[in-house]
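# Notes for the structure review
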Amino acid sequence: MPTRSGKPTGSDLSSVLEGLIKADIEFILVGGLAAVVQGAPVTTMDVDIVHKQSSENIAKLLGFLKSIDAFHRRPDDKVIRPKERDISGMGHALFTTRLGPLDVLAAVEEGRTYENLIEYTVEIEFRGHTVRVLNLKTLVELKRTSRDPKDRQRLPVLEETLRQLENG
Amino acid sequence: MVKETKAKEQFGVDKGLVAMFLKMSPEERLRTNDNAVRTILELRHAYQKRKTDRLRPKLST
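Every value quoted in this text rests on a predicted model; they were computed, and no experiment measured them.

## Concerning the pairing of strand β5 (residues 102–105) of chain A
All names here are of chain A. One ladder, built from 4 bridges, connects strand β2 (residues 47–51) with β5; its direction is parallel. Following the sheet pairing, Asp48 is matched in β5 by Asp103. As defined by bridge partners, strand β4 (residues 92–96) adjoins β5 across 4 bridges and the pair is classed as antiparallel. Within β5, the residue paired with Ala93 across the bridge is Val104. Following β4, the chain reverses through 5 residues before pairing antiparallel with β5; Gly100 in that reversal takes a positive phi of roughly 140 degrees.

The structure is reproduced here in structure tokens:
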């Protein structure tokens, strides 16, 4: 539960991931955690996903967000709960939840959506389930076009991980 | 020191750390990240608390 000030009480990104899977949500894991599961030694504070934008999937995602007490992550203490329109448009919705931060993205760099990214994913076994993760090669390509200083800073580590993976 | 310099020669990347992470399973990597995040939050909380404690006026007895 968030506190009165809107602060979360914990952070367990594996549980966020497990919750998304158990709620039967169709998503692709992207961002820092996608890099982590593929072997990049980086630390990330949130879960980033690109979700399938079907009405059924949006309903499931909204239900899951409510179940983990999600509210919009904002610089002030205002607690604003997620609504369907927040996750059915083309923007990014950044949430704080009782399990940890979860960023729900309609698209990533160059406007790439779930449908555009699905062929660039790898399936990873996690706690007896399968998770679709954006492959490291695509992650690196996207980060190369990113203007975010955090992405630029991480890029050499991601590139070295990819190099070692490709060289066996 | 020489070892460390060699390991981080390319853009400051620790190649040994990359190799170590690649030996782990995806679940182990997630667990490592979770532990790191928990530690970071704990340290941030402790730092914040120290700052708050310093600002609080001392009660005279």
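## Comments concerning the interface of chain B and chain A
Opposite the 21 residues of chain B that make contact, chain A presents 21 residues. Only α2 (15–22) and α3 (26–55) of chain B provide two or more residues apiece to the side of chain B that touches chain A. Of all the elements, α3(B) adds the most residues to the side of chain B that touches chain A, at 11 residues. When its residues are assigned to classes, the side of chain B that touches chain A shows 12 nonpolar, 3 polar and 6 charged.

## Here we look at the pairing of β2(A)
Residue and element names in this part refer to chain A. With 5 of 5 residues buried, β2 is to be regarded as a mostly interior element. Of the two faces of β2, the one lined by Val47, Ile49 and His51 and the one lined by Asp48 and Val50 are each fully buried. In this sheet, β2 lies alongside strand β1 (residues 27–30) in antiparallel orientation, the contact comprising 4 bridges. Of the residues in β2, the one forming a bridge with Ile28 is Val50.

Calculation criteria
Residues numbered from 1 in each chain as written. Chains lettered and ligands numbered in written order. Predicted model: local features only at pLDDT ≥ 70, side-chain atom pairs only at ≥ 80, totals over all residues. Pairing = 2+ DSSP bridges. Helix = DSSP H or I, 4+ residues; strand = E, 2+ residues; numbered from the N terminus. Contact = placed C-beta atoms within 7 Å. Nonpolar A, V, L, I, M, F, W, Y, C, P; charged D, E, K, R; others polar. Buried ≥ 20, exposed ≤ 12 C-beta atoms within 10 Å, placed from the backbone.

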